[in-house]
Amino acid sequence: MRFATPFVLLLGTAVTTTWSAISGLDIAAIKGPSCVVVDSARNAQIPLAPFFTRVNVVVGDGLAQATVIQSFANPLSKSTEIAYVFPLPEKGAVHAMSYQLHDTLYRATVQEKTRAQAIYDSIKAIGGNAAILLQERPNIFQQKMASIRPHDTVHVQIEVSIPLKYADGAWELAFPTMVGERYQSAGTPGAVGTISGWNPPENREGPGFQFNVLVKNIGVDSIWSPSHPLQFQDPATARQILSARGLIDSASPALPSSYGKAITLAPQNTYPNRDYVLRLRRASTGVDAIASSWKPAGHDTGYFHLAVLPDLSANAGARLPLDVVLLVDRSGSQAGWPMEREKQLATGILDRLTSSDRFTLLAFDDLNEYALGAAPVLATAANIDSAKRFVASIQARGSTYLLAAVKAALATPITPEMQRLVVLLTDGFITDEAAILDALAKKSPQPQVITFGCGDNLNRYFLEEAANVGSGFATILLSTDPVTPALDAAWSRIETPQVAALRIDFGSMGAHDLVLPGSERLYKGLPLVAEGKYLHGGKQTITLKGQRNGAAWALAREVELVEDESIAWAVPKTWARASIGKLDLAEGTTTTNKDSIVKLSVAYQVLSKYTAFLATVGSPIEPDASLANAYHSSLITEVHQKLSQPRNSIRLRVASGKLLVRWGAMEKIDRIRVFDVSGTVIASLVVDSRSGMATWDGMSQRGVRAIAGTYLLEVRSASSTHRQSFTWIP
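The structure displayed is predicted, hence computed values, not measured ones. (Residues numbered from 1 in each chain as written. Predicted model: local features only at pLDDT ≥ 70, side-chain atom pairs only at ≥ 80, totals over all residues. Heavy atoms only, no water.)

Participant: Hey, could you go over the sheet that holds strand 26 (residues 302-309) for me, with residue numbers and the actual values?
Facilitator: The 4 strands are arranged 25-26-36-35 in an open sheet whose pairing can be described as antiparallel. Bordering the open sheet on either side are strand 25 (288-294) and strand 35 (512-515), each of which pairs with just one other strand. Direction aside, neighbouring strands of the sheet carry axes that sit 20 degrees apart on average. Here strand 35 pairs with strand 36 (residues 528-534) via 2 bridges, running antiparallel. Bridge pairing in strand 36 places Val 515 opposite Glu 531. Contacting strand 25, strand 26, strand 35 and strand 36, helix 9 (residues 571-587) crosses the sheet at an angle of about 75 degrees to strand 26. (Pairing = 2+ DSSP bridges. Helix = DSSP H or I, 4+ residues; strand = E, 2+ residues; numbered from the N terminus. Axes fitted to C-alpha atoms, helices over the stretch in contact; angles between N-to-C directions. Contact = heavy atoms within 4.5 Å.)

This is the structure we're talking about:
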């Protein structure tokens, strides 16, 4: 069940509360930073939503590069700290952060976490400007920005490189948009703070959210999304919108021919508040090997990311009898369609067992409850029927005592000469992932672990890592995914004899500092992914070796280590992230690899749990640069437009139902306009020649009064244009 210390933040939106309703919030219920501004006068935290979010992604064959921009405004009448929690892909390498205040862009650098936090706190204490980005968990991050002045706008940009997931001939990009509430297990650190008891809204406002994807020519047969409505365009014809949204460089004379498809969200007033999932089916689904590589100029050592896609569809013999321990999460967070899907999965698994198999069925929440006892029973028709009646009676309730359930599964007696499978059905919303992964890793003999997650927002990190540690695989089902095809695909991996004792011969490429799969098994339809460094590029032969049905098995494939500048430059970042993840997992619950992780993190400028991105006034800066120049396409004509107006030239104040605008510069104002978050002009203002001020009473050009929310003011003179967001309270 999700409770105790839930996270409440959506990427691009948090709590959908208008500013006029702030006074009605239960401030006492707000615990810790979730997506808030800090009102020091009231010693309280007030929910804050980014008024605009953009995600730009370039997708290659196996890797993607994403840039996330979020824009915030301080609605208070005094300076404040803005803090928010947000998710990113669980295997993503976060390798850049910058933030913009006024017309200066501050770029962050990775530093040891304790030191970075102390510097940030000292700057905040004296009212200075700084920003810090922290990793709370492999897929959860916290951003803080100190001393944001009244009604000022701040824009934050984060860059992340993402390995794509491959299954059954298709790549998948899964980008989380919400941090779900988690059950806090006893003895584990509290989850990043939240607003207790608040649930994220079902939908999010459309105009304030963009997700733009540029797919390279990678031999894709079809592209679709089970989560969001999409709009497909040819990159050449979509050049203007891609340029305005910062996905391509408008200064380039021609769009590179390597880009195959431009994808944006289909225009809607609202979008479903769920993980953004994009699937790309490869035109060729046979045996293949895909390598991305990068060798920095002047270096002898390069970096590679390798995915071998074998065809294991040919059945090489019958599988061993199965000894299945099936764990069904019936905690409160599973209520609704996820619980029904879990029950369908459990029933489908029972139906697929044969009379030579055995099984144990356990439902868990605060307590463990067995269907037919703790010892495995034969999969007879009578036992299957009894177990299915038990499954039908399961109702979502209680808390997620997942560690206790996993320990019970690992203690289940193993039947000799049978293949032990631990099958886990859960959303993974827990805080003791490390303890569970440690228990799975240390169990001897180690069982195969197969995970299923049902939900539009899941703890994908835990589901994938538990399967990886247990030499298994994970299957994710969204609300739009039917159960039967997903279970058929998963079960065919179990029915088809796997390659065991897997190892890789990298030939003459001089491969070293390798990050190899945690699993020693190769399954039908799933790839082998490896990362590392190499000495010799060009064409190389990679050979997979192992045992299948007791006989030696081998597969040799040729790859070519060449550089693709649009994607491959990030390969050293993904290697560093994978290396950090390997060290992190090896820590378990009793040891630490902090020194090694910090060294890697700082050297490669990739975020870790022991480091932080810190940007201060003393950080490397780019005067007159802007992240905001790409956040509304109708406001911008070129991606590289500069914001050159001096700081403090616009004075804004909202009082007595009016916006008061004072222009501090001496030059003549040509135009003042007000835009909503969709980029629509809703009002044009006139400067009073005597007072030097302009006022707005909230009425639009159509005679409709503006609702509470965030708007953008544009002041244009003969020599410059200045934009600043403000919060309107009627």
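Participant: Help me get a handle on helix 8 (residues 483-495), residues and values and all.
Facilitator: Along its 13 residues, helix 8 runs 18 Å from first to last C-alpha, staying within 8% of the 18 Å computed at 1.5 Å per residue. When helix 8 is considered as a whole, its buried residues turn out to be Val 483, Ala 486, Leu 487, Ala 490, Trp 491, Ser 492, Arg 493 and Ile 494. Contacts made by the buried residues of helix 8 are with strand 14 (165-167), strand 27 (322-329), helix 3 (337-352), strand 31 (419-425), strand 32 (448-454) and strand 33 (473-477). (Expected span 1.5 Å × (residues − 1). Buried < 20%, exposed > 50% of the residue type's maximum accessible area, 1.4 Å probe, protein only.)

Participant: Explain the side chain of Asp 357 residue by residue, including any values.
Facilitator: By the element assignment, Asp 357 lies in the loop between helix 3 and strand 28 (358-364). A polar contact of 2.9 Å, which involves the side chain of Asp 357, links it to the side chain of Arg 319. Separated by 2.7 Å, the side chain of Asp 357 and the backbone nitrogen of Leu 322 make a polar contact. Residues within four places of Asp 357 in sequence aside, it is in contact with Arg 319, Pro 321, Leu 322, Val 377, Leu 378, Ala 379 and Met 418. (Polar contact = N/O pair within 3.5 Å; in protein donor to acceptor, adjacent residues only side chain to side chain.)

Participant: Just give me the short version of the sheet that holds strand 37 (residues 538-548), but keep the residues and values in it.
Facilitator: The sheet built from 3 strands is open, its strands ordered 34-37-38 with antiparallel pairing. Of all strands in the sheet, those with a lone pairing partner are strand 34 (500-505) and strand 38 (551-561), marking the two edges. Going across the sheet, the axis of each strand differs from the next one's by a mean of 15 degrees, ignoring polarity. As paired elements, strand 34 and strand 37 share 4 bridges and run antiparallel to each other. For Asp 505, the partnering residue across the bridge sits in strand 37 and is Thr 543.

Participant: Describe the pairing of strand 38, with residues and values.
Facilitator: In this structure, strand 37 lies alongside strand 38, joined through 11 bridges in antiparallel fashion. Its bridge partner being in strand 38, Lys 545 is matched across the sheet by Ala 554. Taken together, strand 37 and the strand that follows it, strand 38, pair antiparallel across an intervening segment of 2 residues, in which Asn 549 is found at a positive phi of about 55 degrees.

Participant: Can you explain the packing of helix 6 (residues 433-442) against helix 7 (residues 460-469)? Please cite residues and give values.
Facilitator: As a packed pair, helix 6 and helix 7 sit with axes 9 Å apart at the nearest point and diverge in direction by 15 degrees. In this view, helix 6 runs roughly parallel relative to helix 7, as classed from their interaxial angle. The element helix 6 and its partner helix 7 pack so that their crossing is right-handed. When helix 6 is examined against helix 7, the residues Glu 433, Ile 436, Leu 437, Leu 440 and Ala 441 are found in contact with a partner set consisting of Tyr 461, Phe 462, Glu 465, Ala 466 and Val 469. Across the contact of helix 6 with helix 7, the residue classes break down as 8 nonpolar, no polar and 2 charged. (Parallel < 35°, antiparallel > 145°, perpendicular 65-115°, else oblique. Left-handed = near helix turned anticlockwise from the far one by under 90°. Nonpolar A, V, L, I, M, F, W, Y, C, P; charged D, E, K, R; others polar.)

Participant: Give a detailed account of the packing of aromatic side chains, specifying residues and quantitative values.
Facilitator: All chains considered together, the criterion is met by 12 aromatic pairs. In textbook terms, an aromatic cluster arises when at least three aromatic residues are bridged by ring pairs, as seen for Phe 72, Tyr 84, Phe 86 and Phe 141. Across the ring face of Phe 473, the terminal group of Arg 493 is positioned such that the distance to the ring centre comes to 5.6 Å. (Phe/Tyr/Trp six-rings, centres within 6.5 Å; stacked < 30°, edge-to-face > 60°. Lys NZ or Arg CZ within 6 Å of the ring centre and 35° of its normal.)

Participant: Hey, could you go over helix 10 (residues 594-604) for me, with residue numbers and the actual values?
Facilitator: Every buried residue of helix 10 is listed here: Ile 597, Val 598, Leu 600, Ser 601 and Tyr 604. Seen along its axis, helix 10 keeps its buried residues to an arc of 165 degrees; they face one direction. Of the exposed residues in helix 10, the ones pointing more than 90 degrees away from its buried face are Asp 595, Lys 599 and Ala 603. The inward-facing, buried residues of helix 10 abut strand 10 (109-112), strand 26, strand 36, helix 9 and strand 39 (611-616). Count one or two residues on from helix 10 and you reach Gln 605, which has phi positive near 55 degrees. (Arc of directions from axis to C-beta.)

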